[in-house]
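Take a look at the letters that make up each chain.
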Amino acid sequence: MPKVAGYHDDEARLRREEMGRRIEFARNKMKLSKSEFAALVGVGPSSYTAWINGKSSPTVHSLAKLCEVSGVPSSFFNPERLSDIREVDRFAHELVARL
């Protein structure tokens, strides 16, 4: 019997997609290509693409590298811990100011 996607599956997918948007935002603000950004983070382009498409999430180690490379706190990339849009906007402005 096929697995039926439920609420929790949809919620997890939406969180991964939002994280992917934030990762892509950080990359775009740094004006790096996908492959350049992936290399700085220490992953291959296919892993990076899976992140930004919401197919997978970065490991704890990769998340730490994302923070190091982009200069923003991990909460920026974590939709579960950062739901207030004003806070997202504040981190986005901080990131732009650093570039």
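Check the entry above for the structure.
Residues numbered from 1 in each chain as written. Predicted model: local features only at pLDDT ≥ 70, side-chain atom pairs only at ≥ 80, totals over all residues. Heavy atoms only, no water.

Our focus in this paragraph is the pattern of salt bridges. Considering all chains together, one arrives at 6 salt bridges under this definition. Put simply, Arg21 and Glu18 hold a salt bridge, and the shortest N to O gap is 2.9 Å. With Arg21 and Glu18 both in helix H1 (residues 7-30) and 3 residues apart, the pair spans about one turn of that helix. The salt bridge partner of Glu68 is Lys65, with a shortest N-O separation of 3.5 Å. Here Glu68 pairs with Lys65, and both are found in helix H4 (residues 60-70), just 3 residues apart, close to one helical turn. Glu68 gets classed as exposed once you look at its relative accessible area, which sits at 58%. (Salt bridge = Lys/Arg side-chain N within 4 Å of Asp/Glu carboxyl O. Helix = DSSP H or I, 4+ residues; strand = E, 2+ residues; numbered from the N terminus. Buried < 20%, exposed > 50% of the residue type's maximum accessible area, 1.4 Å probe, protein only.)

Turning our attention to the environment of Asn53. With respect to the helices and strands, the residue Asn53 is situated in the loop between helix H3 (45-52) and H4. Sequence-wise, Asn53 and Met19 are 34 residues apart; in three dimensions their C-alpha atoms are separated by 9.3 Å.

Moving on, we get to the side chain of Ser62. Mapped onto the secondary structure, Ser62 falls in helix H4. Look at Ser62 and you get buried, because its relative accessible area is 6%. In contact with Ser62, other than residues within four places in its own chain, are Val41, Val43 and Trp51. (Contact = heavy atoms within 4.5 Å.)

Quick look at the packing of helix H2 (residues 34-41) against H3 now. Axis separation between H2 and H3 bottoms out at 9 Å; the angle between their running directions is 100 degrees. Considering their axes alone, H2 and H3 lie roughly perpendicular with respect to each other. Across the interface between the two elements, Lys34, Ser35, Phe37, Ala38 and Val41 from H2 touch Pro45, Tyr48, Trp51 and Ile52 from H3. Tallied by class, the residues present in the contact of H2 with H3 amount to 7 nonpolar, 1 polar and 1 charged. (Axes fitted to C-alpha atoms, helices over the stretch in contact; angles between N-to-C directions. Parallel < 35°, antiparallel > 145°, perpendicular 65-115°, else oblique. Nonpolar A, V, L, I, M, F, W, Y, C, P; charged D, E, K, R; others polar.)

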